[in-house]
Every structure is written in structure tokens, then in C-alpha cells.
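Descriptive structure summary
Read off the chains here:
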Amino acid sequence: MQGPDRQDRDDLTLLVEAARAAGDIALRYWQNDPKAWEKSEGAGPVTEADLEIDKMLARDLQAARPSYGWLSEESQDDPARLAAKRGFIVDPIDGTRAFMDGSGDFSHALAVVEDGLVRAAVVYLPAVGRLYAAARDGGALCNETPLRISGHAEEAGARILTTKVNFEPRYWPHGAPPVSRHFRSSLAYRLALVGEGRYDGMLTFRPTWEWDSAAGSLIAAEAGAKVCDREGQDLRFNRPDPRSAGVFAGSRALVDKFMARLSGQTGLTA
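Below is a short write-up of the structure. A quick note: this is a predicted structure, and the numbers were derived from the prediction, not measured. (Residues numbered from 1 in each chain as written. Predicted model: local features only at pLDDT ≥ 70, side-chain atom pairs only at ≥ 80, totals over all residues. Heavy atoms only, no water.)

On to the sheet that holds strand E7 (residues 130-135). Overall, mixed pairing links the seven strands, which are arranged E3-E4-E5-E6-E7-E8-E9 in an open sheet. Because the sheet does not close on itself, it has two edges, and the strands there are strand E3 (69-72) and strand E9 (145-146). Across seven bridges, the pairing between strand E4 (residues 86-94) and strand E5 (residues 107-114) is antiparallel. Bridging from a neighbouring strand, Ile89 pairs with Ala111 of E5. Across the sheet, helix H2 (residues 48-64) is in contact with E3, E4 and E5; its angle to E4 comes to roughly 160 degrees. (Pairing = 2+ DSSP bridges. Helix = DSSP H or I, 4+ residues; strand = E, 2+ residues; numbered from the N terminus. Contact = heavy atoms within 4.5 Å. Axes fitted to C-alpha atoms, helices over the stretch in contact; angles between N-to-C directions.)

On to the sheet that holds strand E10 (residues 159-161), then. Pairing between the strands of a sheet comes from backbone hydrogen bonds, and it takes one of two forms, parallel or antiparallel. A sheet is described by the order of its strands in space; here five strands give the open sequence E11-E10-E12-E16-E14, paired in mixed fashion. Among the strands making up the open sheet, the edge pair consists of strand E11 (180-182) and strand E14 (226-228). With direction set aside, neighbouring strand axes in the sheet form an average angle of 20 degrees. Bridge count for E10 against E11 is three bridges, and the pairing is parallel. Bridge pairing links Ile160 to Arg181 in E11. Sheet strands in contact with helix H6 (residues 252-263) are E10, strand E12 (201-204), E14 and strand E16 (247-250), and its direction is about 140 degrees off that of E16.

Val118, Tyr132, Met202 and Ile219 are the most contacted members of the largest nonpolar core, which has 38 residues in total. When residues of this core are traced back to their parent elements, those giving at least two are E5, strand E6 (117-125), E7, strand E8 (140-142), helix H4 (187-196), helix H5 (210-222) and E16. When residues of this core are assigned to their parent elements, the largest contribution, seven residues, is made by H4. Core analysis: the next-biggest nonpolar cluster, separate from the first, contains 31 residues, Ile25, Ile53, Val122 and Tyr124 among them. (Core = buried A, V, L, I, M, F, W, Y, C linked by side-chain atoms within 4.5 Å. Buried < 20%, exposed > 50% of the residue type's maximum accessible area, 1.4 Å probe, protein only.)

The subject of this paragraph is H4. Among the ten residues of H4, ten are classified as buried, and the element is accordingly described as predominantly covered. Buried within H4 are the following residues: Leu187, Ala188, Tyr189, Arg190, Leu191, Ala192, Leu193, Val194, Gly195 and Glu196. The backbone nitrogen of Ala188 has a side-chain oxygen 3.4 Å away, supplied by the residue at the start of H4, namely Ser186. Directly beyond the C-terminal end of H4, a positive phi value near 80 degrees is found at Gly197. (Polar contact = N/O pair within 3.5 Å; in protein donor to acceptor, adjacent residues only side chain to side chain.)

Right, let's get into the side chain of Lys226. Position of Lys226 among the secondary structure elements: in strand E14. Engagement of the side chain of Lys226 in a polar contact is seen with the side chain of Asp256, the distance being 2.7 Å. If we skip the residues at most four places from it in the chain, Lys226 touches Phe248, Ala249, Gly250, Arg252, Val255 and Asp256.

This next bit is on the pattern of salt bridges. Within this structure, the stated rule accounts for 21 salt bridges. Across the salt bridge formed by Asp77 and Arg81, the nearest N and O atoms sit 2.7 Å from each other. Given a relative accessible area of 4%, Arg81 falls into the buried group. Notably, a salt bridge pairs Glu210 with Arg239, separated by 3.1 Å at the nearest N-O pair. Here Arg239 lies in the loop between E14 and strand E15 (243-244) and Glu210 lies in helix H5, a separation of 29 residues in the sequence. You can call Glu210 buried: its relative accessible area is 1%. Where salt bridges share partners, they join Asp5, Asp8, Asp11, Arg65, Lys85, Arg86, Glu114 and Arg119 into one cluster. (Salt bridge = Lys/Arg side-chain N within 4 Å of Asp/Glu carboxyl O.)

This part is about H2. Here H2 spans 24 Å end to end across 17 residues, near enough to the 24 Å set by a 1.5 Å rise per residue. Within H2, burial applies to Ala49, Asp50, Ile53, Asp54, Met56, Leu57, Ala58 and Leu61. Among the residues of H2, the N-terminal cap falls to Thr47, whose side-chain oxygen and the backbone nitrogen of Ala49 are separated by 3.1 Å. (Expected span 1.5 Å × (residues − 1).)

So yeah, pure geometry; function would need other evidence.
What follows is the structure, encoded as C-alpha cells:
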């Protein structure tokens, strides 16, 4: 491993500071009945904490890196981001429903991208004190402890983070894989947990917003995971339509088995 370049290291330091500041705001509202609204077009809930954190992140990160583009779940999309060499992709609170329910299963997901690739990333869970961080070619850490995926290669017995809907027959014409299904509200956290080796993989077939996947994808990848969309293609970021065709992550052998099952190239059955 060649190690991260200086800009990636500096950006990671900036993201860590911003994520901790986001956590300070979130914990003022957490379990304190924050005001909440449903966003239009079935986009889910947003709370006053989401909006305050988004405002802080936009102010502080853009002040520190004025040439960087900006993409956030809670900000109006500005096409100018597409022309920027580097850009921020953030989710002020990933797992807002969990946050509203008083669960600690929510995170702040912050990333810097360049040329479609994530260069630095943080996923921070302030309620449980877990900070995941990674810089490209620098490995991944949780609270300064190096991360490594479980390496589980077989479908049978694999512990997979996903929702029930992703195992409906319409997604698996050749039979769903015989795995053990688990769930965490924050998709960014799911990816980080795969990187940590606490679960063997994660998957979602649904179109996935970049702010949900950018930070966690680098953490998982730097810990050794294969991360791709449901077609097996590498994830790319800061695109005009900031969504991927789902997300799969796990050991290369495990993800390849899922892909083979989807394509009908395997005789395995559930």
C-alpha cells in the first residue's frame, strides 16, 4: 500500500473535525423530541437536527475548501459541483428514523471525492462513540483501530446487512442466497460494519443516493471489501444523477457468488 497523499490526509482531518461537530449538534436533539417533517415525494423524514447540521457542514467545510463542490441530502443540488475538481458528499444524519426513535443507530457520513472516486471518508456514530475513517490507499480505522473484513467467502452462514425486501423472489430469479439477514438503519454504518468484519456483507437493490454510500464505500474498500452496484460495476460518485444501481459489499469471493446467482451462472439454490 503506497499510503494516502497529503491532500487526502488533510481532507480526512477536516472531515473528522466536522463529523465531531455534527455529533455535538445531533446529541443536543437526540432523545429530546426534535421537530420533524416528511419531505415531498416520499423522500422520508427530516428533523431540525438534520437541517442545523447541514447548515453547519456547508458553512464550515466550504469555508475551508472554497473550490470544492457540494452535494448533501439536505441541500438543493447545484450543478456547479460537476465542474469542481474535488467535492464534498455528505449526509447530515443517515438513519433519521432511528434518530427520531431515540436509537443510537444513526450516523454522520462525510466524504471527499475526485474524478468519481472517494478520497477521504468518515462515518461517525456519536451516540455510541464510534468513528470510522479512511483515506484512499491508507487503510480504514475505527477509533484508531485498523479494520479488516471478515473474509467470509461462502453464502451459507454469511451474516448480511440488508432489508427484508431485498430477498423477495423478484430480485433473485434463481433463488435467494442462504444467508443470515441483519439490519442497521444507516446504510453508511452498514458499509462500515462490513469493513470492520462484524458482518460479512451488505446489499441493497434499490437506487442508492451517493450521500448514503460514498463515505461507507471507501471505509469498506480500504478494509478489503469489494464494493459495487447490483450489476457488479464499481461505484462512481459526483454524477449528474447522484444514484447508483444499488450497492453490494463483502469479500470478493462472496460478492462474486451473489453476482453469479443473479446471472444464473450457478447451480446453487436457497
